[in-house]
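Breakdown of the fold
These are the residues of each chain, in order.
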Amino acid sequence: MEFKEEDNFFRQLTGANYRPIMIAGPCSAESEEQVMQTALALREQQVDIFRAGIWKPRSRPNTFEGIGLQGLQWLGRVKRELGMRVSTEVATARHVEEALKQEIDVLWIGARTTVNPFAVQEIADALQGAKVPVMVKNPVNPDLALWIGALERVYNAGITDVAAIHRGFSSYEKSKYRNVPFWQIPIELKSKFRSLPLIVDPSHIAGNRELLLPVAQKALDLGYDGIMLESHPDPANALSDPDQQVTPAGLAAILDKLQVRKTTYDDQELINRAEKLRLQIDEADQQILRALARRMELVEQIGHYKKQNNVQVLQISRWKEIFRSRPEWATELSMNPDFVAELYRLIHTESIRIQTRILNGDS
Ligand code: PEP
Ligand code: MN
């Protein structure tokens, strides 16, 4: 996939002076009045693209599964009467055909669809020859290749205006997020495809209103190109995702607090100062790595000692002692003890690997 910066639809929205793309609207279109009322309020806030789900992929049957075709007419009204770009989710070839017939400006593929290459290919085939920008949400499971694969299927159908939406990943473990962000996955996507526009969806990551701002802010600080937020005139009574939607006024308050920082330093003096700090960081990293190498050497020695004496690798009392003392030392050094505990989990895993190798006589 090769993305052209100049004529990419999403890049034109961020513009030369970088301004994040704003996509907002209700999780679902519920009534004509709700759609028109929300769109009108969001237009005041310079929202670039109005979103609303027409076909909703819900986990359980007998819940609200979207208003269907008539919702497309309402989006058509928003486009014609309010002059906004409109967007909806497509999950089948028929959805694509209907959305294109109504001249919906931007389509997106949802997280439950991205997981299925057959479904994505069917959508891609229906997109052949169309000139419509398409956004691809990450799959529900943390699988970067699957996300890239879906983007490629759409791109190979001739849709060069593609963007990725990061909406977090589901996890069985309890977390403060509805969908855990695993920021390293979208960052890796961005490092592989430098000019692929990347949009954050804090609504589906957070699952609640409190975390929308911090998630959106973090994404902007990581260089994301846009934000998709769900907004409903009466969130508590929304037919889908009531806990995470905000009123248009609530959305305005979030946008007001968001800090859009510069993409890079604009002054030579600042560049020099940052460069000096980076050199010091390089030096500190070399010290860390030398110390780690020394630690691993000692681990090897103790491995040989255990082998000579026929002693097991894992000594639970020692393991406990390490995970008690290191976070404490971290606190004394004004560092986050959780971070240091996690670091030691990695270091300890490597120590065990080295010692197991020695005990089993590989070296
Ligand atoms: C949505 O955007 O309302 C939606 C269904 O999202 P996702 O595919 O991320 O679950
Ligand atoms: Mn939703």
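Residues numbered from 1 in each chain as written. Chains lettered and ligands numbered in written order. Predicted model: local features only at pLDDT ≥ 70, side-chain atom pairs only at ≥ 80, totals over all residues. Heavy atoms only, no water.

Another point: the coordination of the manganese ion (ligand 2). Bound to the manganese ion (ligand 2) are the protein donor atoms Cys27 (SG), His204 (NE2), Glu230 (OE) and Asp241 (OD), situated 2.1 to 2.4 Å from the metal. Coordination of the manganese ion (ligand 2) draws on donor residues from a single chain, spaced C-x176-H-x25-E-x10-D in sequence. With His204 in helix H9 (residues 202-206) and Asp241 in the loop between strand E8 (226-230) and helix H11 (248-257), this residue pair connects regions lying 37 residues apart in the sequence. The exposure classification of His204 matches that of Asp241, with both residues buried. (Donors = N, O, S within 2.8 Å, 3.2 Å for Na, K, Ca; no water. Helix = DSSP H or I, 4+ residues; strand = E, 2+ residues; numbered from the N terminus. Buried < 20%, exposed > 50% of the residue type's maximum accessible area, 1.4 Å probe, protein only.)

Membership of the largest hydrophobic core comes to 68 residues, with the highest contact counts inside it found for Phe50, Val78, Leu107, Leu127, Val134, Trp147 and Leu189. Looking at which element gives the most residues to this core, the answer is helix H7 (residues 144-156), with seven residues. Once residues within four sequence positions are removed from consideration, Leu127 is found in contact with Val96, Leu107, Val132, Val134, Val154, Ala157 and Ile159. Membership of the second largest hydrophobic core comes to 13 residues, among which are Phe9, Phe10, Trp108 and Ile165. (Core = buried A, V, L, I, M, F, W, Y, C linked by side-chain atoms within 4.5 Å. Contact = heavy atoms within 4.5 Å.)

Looking now at the UniProt feature "domain: Chorismate mutase" (unreviewed entry) in the chain. On the UniProt side, "domain: Chorismate mutase" (unreviewed entry) is annotated at positions that read residues 268-359 here. Between the C-alpha atoms that bound residues 268-359 the distance is 56 Å, and the span itself is 89% helix and 0% strand. (UniProt positions renumbered as here; feature names shortened; annotations may be inferred.)

Under the criterion given, the structure shown has four aromatic pairs. Ring centres of Phe9 and Phe10 lie 4.9 Å apart, and the angle between their planes is 85 degrees; on these two criteria the pair is classed as edge-to-face. For the pair shown, Phe9 and Phe10 are each scored as buried. Taking 5.9 Å as the distance between ring centres and 40 degrees as the angle between the ring planes, the aromatic pair formed by Phe169 and Phe182 counts as tilted. Here the residue Phe169 occupies a position in the loop between strand E6 (162-166) and helix H8 (184-192), and Phe182 occupies one in the loop between E6 and H8, the gap between them amounting to 13 residues. For Phe182, a relative accessible area of 29% gives the class partly exposed. (Phe/Tyr/Trp six-rings, centres within 6.5 Å; stacked < 30°, edge-to-face > 60°.)

This part covers the domain arrangement of the chain. You'll often see interface size given as the accessible area lost when the parts meet. Looking at the chain, the domain boundaries give domain 1 (9-257) and domain 2 (268-359). Taken over C-alpha atoms, the centre of domain 1 sits 41 Å from the centre of domain 2. (Domains from an automatic or database assignment.)

Remark: helix H13 (residues 316-332) packs on helix H14 (residues 337-359), axes separated minimally by 8 Å, with the N-to-C direction vectors making an angle of 140 degrees. Between H13 and H14, the crossing angle belongs to the class labelled oblique. Judged by the twist between their axes, the crossing of H13 over H14 is right-handed. Along the contact surface, H13 presents Trp319, Ile322, Phe323, Arg326, Pro327, Ala330 and Thr331, while H14 presents Pro337, Val340, Ala341, Tyr344, Arg345 and His348. Of the residues that constitute the contact of H13 with H14, the class distribution is nine nonpolar, two polar and two charged. (Axes fitted to C-alpha atoms, helices over the stretch in contact; angles between N-to-C directions. Parallel < 35°, antiparallel > 145°, perpendicular 65-115°, else oblique. Left-handed = near helix turned anticlockwise from the far one by under 90°. Nonpolar A, V, L, I, M, F, W, Y, C, P; charged D, E, K, R; others polar.)

This part is about the pattern of salt bridges. Counted under the stated rule, the structure contains 22 salt bridges. Asp48 is paired through a salt bridge with Arg19; the nearest N and O atoms lie 3.2 Å apart. You can see Asp48 sitting in the loop between helix H2 (32-44) and strand E2 (49-51) and its partner Arg19 sitting in the loop between helix H1 (9-14) and strand E1 (21-25), a full 29 residues away along the chain. Asp48 sits in the buried class, given a relative accessible area of 11%. (Salt bridge = Lys/Arg side-chain N within 4 Å of Asp/Glu carboxyl O.)

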